[in-house]
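A look at the structure
One-letter residues, chain by chain:
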Amino acid sequence: MLHINMNAQSRRSGMARRDFVRVGALSTLGLSLPDLLRSRAAAADTSGVNAGTKAKSCIVLWMSGGPSHMDTFDLKPDAPSSHRGTFNPISTNADGLQICEHLPLLAKQADKFSILRSVTHPSPSHDIASHIMLTGNVPARGTVNPSYGSVVFRERGYTEALPPYIAVPNGHRYSAAGFMGGTYKPFSIGSDPNAKDFQVRSLKLPDGMTVDRLQDRRRWLTGLDTLKRRMDGDAELTVLDEFYERSYDMITSPETSKAFDLSQEEDALREKYGRNTLGQSCLLARRLVESGVSFVHVDRGGWDTHRQNFETLKGTRLPELDQAFAALLEDLADRGLLDSTIVLWMGEFGRTPTIDYDPRWQGGRHHYAKVFSAVIGGGGFNGGHVVGSSTDKGEEVKDRPVMPWDIGASIMTHLGIPYDKTYEERDRNIRLLPFGTSVVSGGMLNELT
Amino acid sequence: MKFLRPTNSSPLRWILSVSALLVVSCVADAGDEPAKPDPAQVREIQVTPTQMTLSGARSVHGLRVTAIDQDGGLHDVTADCQFTGKDVDMASVAEDGLITPHKNGPTEVAVSFGSHTATVTVETRNLESKAYNFRNDVLPVLENLGCNQMGCHGSPKGKERLQLSLFSADPHQDFVQITDAKKELISVQKPEESWLLLKATCTEDHGGGDLTAEGDPAYNLLLDWIRNGAVEGQAGDASLERIEVFPHERTMIPGETQRLLVQAWFSDGSVRDITELASYRSSETTVASIDKQGLLTVGAYGETSVLVRFGGLVSSCLITAAQPADVPFPEIALNSKIDELVYAKLKSLNIIPSDVSSDEEFLRRVYLDVIGILPTAAEAREFLSDTRTDKRSQLIDSLLDRPEFADFYAIRWGDILQINRDEPARLQDKGMWVYYRWLWDSLDQNKPMDQFVRELLTARGSAYESGPANFFRVGEGPQGMAEHASTAFLGVRLDCAHCHNHPFEQFTLDDNLGMAAFFSQVRSKRTREQDEEIIYTLDSGSVSHPDTKERSSPMFLGGAQIAAAEKQAVEAATAEKSRADGEAAAATKSAETATKQLAAFRKSSGEKIKQAQRTVSSSEQQALAAQKLAEAAEKALAEAQSAANECEQHHRQAQSDLSNAQKAVAEAEALVAVSDAESSKAAVKAQEEAAERMAAATAAMEAATAELAAAEKVLEERRPAAKTAARNSAIARQQMEQQKSELAALNQRSQKKTAELNTILTAANQSLAEARKAASRCDAVHRSAVAALTVRETTGDLRAQLVDWIVAPDNPYFARSMSNRVWAWLLGRGIVNEPDDFRSTNPASNPELLDHLAATFVQSGFDMKSLFRSILNSRTYQLSSQPNEWNEADSIHNSYYHLKRLTAEQLAEAVCQVTGIPEKYSGLPLGTRATQLPDVSMRSEFLDLFGRPKRATPVESERTCDTHIGQSLQMISSDFISRKLRDSKGLAGQLAASDLSPEQAVDELYLTTLSRFPTKEERDLIFASPIEPSQRKEKFEDLLWVLMNTKEFLFNH
């Protein structure tokens, strides 16, 4: 969208830029940038956001570090002890679908999600794998692709006072906008929703500040911002003004403070989500989606269990996940939001099927991308199914590979964004996703629709 | 003013396209539809080409006719010309100038435009040959149709039946694929039904859509190729060497058109018109659009570069549509050559530059650009009240000398060198600090950049002790190091060529690998200290091609060309050397011969002369002897004469005596006769006496006669001898004279001959000396050519050779890239933009300016500060940031100073500076400025929000100034800002507590934040309601907040 060249060193002007077409022309059309940011819905029919869109929003639960597939959603009780691990599978409320015994609450919500057990990609390195999973693209040298959230931001724009793409509590390096530029970065709330007096930094008025005083300052600023007047029509100044306006809106609008105000939730529900960062982040994600936010990235690390895999999972990760994820699905369903909200749980990869009992690792699992699991539900994706499978020891894809771009193309389609859209970057047109080209693909997740 | 770049799916796109339409329609409304040039008003015409050599059956070739009007303007009048073939049996010519030859041989085509005429000569050969060469003729067409792109058949697994190499990397394999009988893509029996064509025209369902249609030039070519057997071609076929577009540049006006002409040149010297087969891309389609037939139409004012592509080759054409000059271009006093070059460009586009900045603007700008921080209120007051006329250049000098210069530019260079203790460089604390210190010191000392590069790229040793050694910890492997070094110092991005070639990229995988080979010897080893690494080099190392596994030799960037040029140079030098050696040998031989001849001549001629001299001297003696003899004979003769004379005398005496005696006898007889006895006696006696006397006289007479006869006899006897002797003497003399003259002649001849031979010898010696000199020169050239070539083979530290090449004065990249970076840092946009993206397809906006800066930089001995100084002192740099009516659309030609949002560090520091409350960065003493941070590992939400890079790449654009909501929120209500604002030790608090009047305090706030005094309007607005003493702190805080949130504060302007 807005490729604003703030210091005139454009990120993407490989060719000499000689655009004599003037941005000033915008004002002659009676349009201002606020209109631009808002006009997406109106322009939707022409800009390719499909009718028949199944999902309004998407929540990505990003399990940074790479959760072990063999100990969460793809247990192999019959595998040898070198692989099997110490956890047992349990049945769920979906026929024949089994998950880890340490996810009992989630087992009761299995009708709301499906497991992709044959996700695979080529990189066991955190950095590249994260890029692949969060953007659906294998990184080309020199190019960082935009995350799904940034694409949605760009395609949808602002529809509410709230930014369309929010990271809770913070974004990941590759949850940002890559070559699309900082404008489409998620708004990171930057503070822990589980904190006692949780408030979004910067949205809270500083001590001694009142809305009235802020309004006074705004009035003064309007009068004294002379450079702006001198350069009327300058795009970068205008867009900055636009973000100032949006900031004032966010700071002062009751809608915003309400969206972020977890204290409005009943204690019981807050408990149900779990009084921890992940739990309260999920709760906040639900509130944001409810307030019209298009894309929420929930970030929870600590899954890089090279050491003491089982203790770590059993001790904190799984209980926390069980509570939060189960509560989120149930809560969304209760409020009738699940049908319009995609929930995607994933990490950058899985973990080695063989367990490393070396004293250094004390029963650890290492990086493994050949096959691993992701979970998807809501927003038009049916629950209770398993897509694909891994081999007996969880080492290879057995059938129906699911490539990251298959997931990407599926969620983009549900969100009404054509997966083959292209964006200009320097001299090239970069495709949103390689899906549909000659790359290896298992196809769309049509099993779930 | 900045521009929104229209992008494919931008929400702005539709609006921009509407506005683009507006621009175009405005043009149309204004009645600017250009009139066709009237032949009568045209000064002359030029035809392109004027001569062509065509080869083969497909030799049709177009012409372009350019009219030059009275003002020197150029116009395409091809469509309005008459073309006449001289001999239509040889070649016919269509109305549009398309020449079709019918017979081999030379002919001519006449062109006329009104009264203007021109002639084109056409030479055709091999007309009978319908031969195709797959690589030259067919593959480029498939490539331009897009068949071998990544997303299509160029993907590693191909698509459907067809798998092509990516961007024609492997033409033979592509041929095999396409003609593979099993794939049934080609039907030689029924060419029209070839699957290849049916797919390309989408007659058969084709995932790639319809790429061409029946009758299209591309279609026709493919069809014809199949009809002619779908062959690959012969090994000896002429190869495609270059393509060239006409015109290379052209100034036009909106509405005007120009049909481009694209020619492909082959190794046999023949040329082909590929205008309809080439692919085109205009960098600014609103300025000029171009259709498949190469017809270019100018839409709006501006500049655009049209890139033409065929068979992996590119050529480009710069189109300039200058604004109409509705006011005269002002006469401007220029500060320097830089200004002259900038203004020449502006004048050519009729872009009138803004006025020079005010002192206030300049002051703030130059502080931010040179040392990254704001002037203090005191510094601002001092400068503004300074009345010296050269105060700007004085300020520039003093700022360049400040240590903060090194602080600020260590950030820029830190980005480029990716200095960071944590990910991704992972230099650790020690490595980071030693690297940063080296960098800071280098900048502070103004280390010449060639030395800077040498220290960096040839570094070795512990990365904890040698700062520059850390360079080799950043790039991953030789390729990574080469990519890093190329981006940093050549401004060339090789990362795209890391894996494969690209159709629009000049640099290939071979370039990447060739550069990487210079780093192939670099190794590191760990020590016992945590993460310490020692950088060292092996005697040898290698990088290999990812596919062929062939070992790549070191090759300077520009790769193929340089290698080929070097090889050519070696060949030429070898030939030249052997020629010179031959000449020297011949010269030696001829000199030797001459010497020998001379010596032989000298010997023989010396002998002859000596002989002659000897002969002369013996003749002299002989002559002398003969003379003596002659003289003696003469003398004897004279004596005989005199004796004879005496005898004659005697004889005459005797005669006279005799006659006297006779007389006496006669008297005596007479007496006797007449006399008596007595008397007779006396008479007889007398007679007797007379007889006696007469007898005596007779005897005497007889004696005298005898004597005389004897004397005469002697005389007679002596006379011939004397004569002979005289003759002999004369002969001897004559002989002698002759020999003398012969000797003289001989001498003369010998001298002449010696002189001649001497001349020959001198000449021979001279040419020998010359030949020897030439030979030694050739030898030197040869040695250096060979040396250059054997760089590839040499062991030793190859990095040093790379540095030699980089810092050589004629390196095409280094000085340009450095100058361009500094220009971009100061003026906000590189002459080549982005500053680290030099390539043939990304032309400079003002090449002359870039050349000038680079040349000056080289001359200065790579003096960075001097480069800064010359740019900062230019009028161009000092222009106001406020555009005017004529230049507001300009974003690249520096007709005004472009706004630059403060960088993350500048802004963080500016906030600290104006609030008076420093920020504490962990691990660094309080008071350390954001502009003094050694790397990007310090936690700072503020810096991250405002675009501090992760330093994951050496590309400058990783540092972003994109706007997002986190920034405005941060400025409005963050703790970072509000804590500093409210701090009672801060500026607002101090002013509130001071004795200053509210007016004075406001002045102070303005000077501190905006480096200027408030205007009357601003004062009036601020004091619209008076500031009561009780409100001072609150109001000053508010005003400070307001000033920090003005664009004037957030931007460098």
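Residues numbered from 1 in each chain as written. Chains lettered and ligands numbered in written order. Predicted model: local features only at pLDDT ≥ 70, side-chain atom pairs only at ≥ 80, totals over all residues.

**Examining the environment of Phe1049 of chain B**
Residues and elements named next belong to chain B. Counting through the fold element by element, Phe1049 comes out in helix α30 (residues 1047-1050). C-alpha separation for the pair Phe1049 and Leu74, spaced 975 residues apart in sequence, amounts to 48 Å. If sequence neighbours within four positions are ignored, Phe1049 has contacts with Thr1009, Leu1010, Leu1043 and Met1044. (Helix = DSSP H or I, 4+ residues; strand = E, 2+ residues; numbered from the N terminus. Contact = placed C-beta atoms within 7 Å.)

**Some points on the sheet that holds strand β18 (residues 302-310) of chain B**
Adjacent strands of a sheet pair through backbone hydrogen bonds, lying either parallel or antiparallel. All names here are of chain B. Here we have four strands laid out as an open sheet, ordered β11-β19-β18-β15, and mixed in their pairing. Single-partner strands in this sheet number two, and they are β11 (249-252) and β15 (279-282). Taking each pair of neighbouring strands and ignoring which way they run, the sheet shows an average axis angle of 20°. Pairing of β11 with strand β19 (residues 313-321) involves four bridges; the strand directions are parallel. Bridge pairing in β19 places Glu249 opposite Leu318. (Pairing = 2+ DSSP bridges. Axes fitted to C-alpha atoms, helices over the stretch in contact; angles between N-to-C directions.)

**Let's talk about the confidence of the model for chain A**
Reading predicted coordinates in detail is not appropriate for stretches of low pLDDT. All names here are of chain A. When the pLDDT values of chain A are averaged, the result is 85; 86% of them are 70 or greater. Of all the helices and strands in chain A, helix α1 (residues 24-28) carries the lowest mean pLDDT, 30, while strand β8 (residues 341-346) carries the highest, 98. Per-residue pLDDT stays below 50 along residues 1-49; that stretch engages in 151 contacts with residues further than four places along the chain or on separate chains. (pLDDT = per-residue confidence, 0-100.)

**Re the packing of helix α14 (residues 477-490) of chain B against helix α15 (residues 509-517) of chain B**
Residue and element names in this part refer to chain B. At a minimum axis distance of 8 Å, the contact between α14 and α15 shows a crossing angle of 100°. When the interaxial angle is binned, α14 and α15 end up roughly perpendicular. Residues Pro478, Gln479, Ala482 and Ser486 of α14 lie in contact with α15, whose contacting residues are Asn512, Met515, Ala516 and Ala517. Taken together, the residues of the contact of α14 with α15 sort by class into five nonpolar, three polar and no charged. (Parallel < 35°, antiparallel > 145°, perpendicular 65-115°, else oblique. Nonpolar A, V, L, I, M, F, W, Y, C, P; charged D, E, K, R; others polar.)

**Considerations on the pairing of strand β17 (residues 295-298) of chain B**
In β17 of chain B, alternate side chains face the same way, and those of Leu296 and Val298 of chain B are buried while those of Leu295 and Thr297 of chain B on the opposite face are not. What sits between strand β16 (residues 288-290) of chain B and β17 of chain B in their antiparallel hairpin is a turn of four residues, with Gly294 of chain B showing a positive phi close to 85°. (Buried ≥ 20, exposed ≤ 12 C-beta atoms within 10 Å, placed from the backbone.)

**Let's talk about unusual backbone geometry**
In this model, Val168 of chain A is joined to Pro169 of chain A through a cis peptide bond whose omega is -10°. Mapped onto the elements of the fold, Pro169 of chain A is located in the loop between β5 (165-168) and β6 (187-188). Note the cis peptide between Asn833 of chain B and Glu834 of chain B, where omega equals 0°. Assignment of secondary structure puts Glu834 of chain B in the loop between α19 (814-827) and α20 (847-859). If you check the backbone angles, Gln418 of chain B has positive phi at about 60° while not being a glycine. Relative to the elements of secondary structure, Gln418 of chain B occurs in the loop between α10 (403-417) and α11 (428-444). Given 27 C-beta atoms within a 10 Å radius, Gln418 of chain B is considered buried. Phi angles above zero are rare outside glycine, and Phe862 of chain B is one such case at about 60°. Mapped onto the fold, Phe862 of chain B is located in the loop between α20 and α21 (864-872).

**Re the pairing of strand β3 (residues 64-69) of chain B**
All names here are of chain B. Here strand β1 (residues 42-48) runs beside β3; their pairing, made up of six bridges, is antiparallel. Considered in β3, the bridge of Gln46 is made with Thr66. Where β3 and strand β4 (residues 74-76) come together, three bridges link them in antiparallel fashion. Looking across to β4, one finds that Ala67 is bridged to His75. Hairpin connection from β3 to β4: four residues lie between these consecutive antiparallel strands, with Gly72 at a positive phi of about 85°.

**Overview of the nonpolar core**
Membership of the largest hydrophobic core comes to 265 residues, with the highest contact counts inside it found for Cys58, Leu61, Val296 and Leu344 of chain A together with Leu1040 of chain B. The leading source of residues in this core is helix α14 (residues 309-334) of chain A, at eleven residues. What Val296 of chain A contacts, discounting residues up to four positions off in sequence, is Ile59, Ile166, Val168, Ala285, Leu288 and Val289 of chain A. In this structure, Ala218, Ile226, Ala230 and Phe310 of chain B belong to the second largest nonpolar core, which totals 50 residues. (Core = buried A, V, L, I, M, F, W, Y, C linked by C-beta atoms within 7 Å.)

**Some points on the packing of α19 of chain B against α20 of chain B**
Residue and element names in this part refer to chain B. Close contact between α19 and α20 brings their axes to 8 Å; oriented N to C, the two are set at 110°. Compared by their axis directions, α19 and α20 come out roughly perpendicular. Between α19, through Ala815, Arg816, Met818, Ser819, Asn820 and Trp823, and α20, the contact on the second element is made entirely by Leu850, Leu853, Ala854, Phe857 and Val858. Residues that form the contact of α19 with α20 fall into these classes: eight nonpolar, two polar and one charged.

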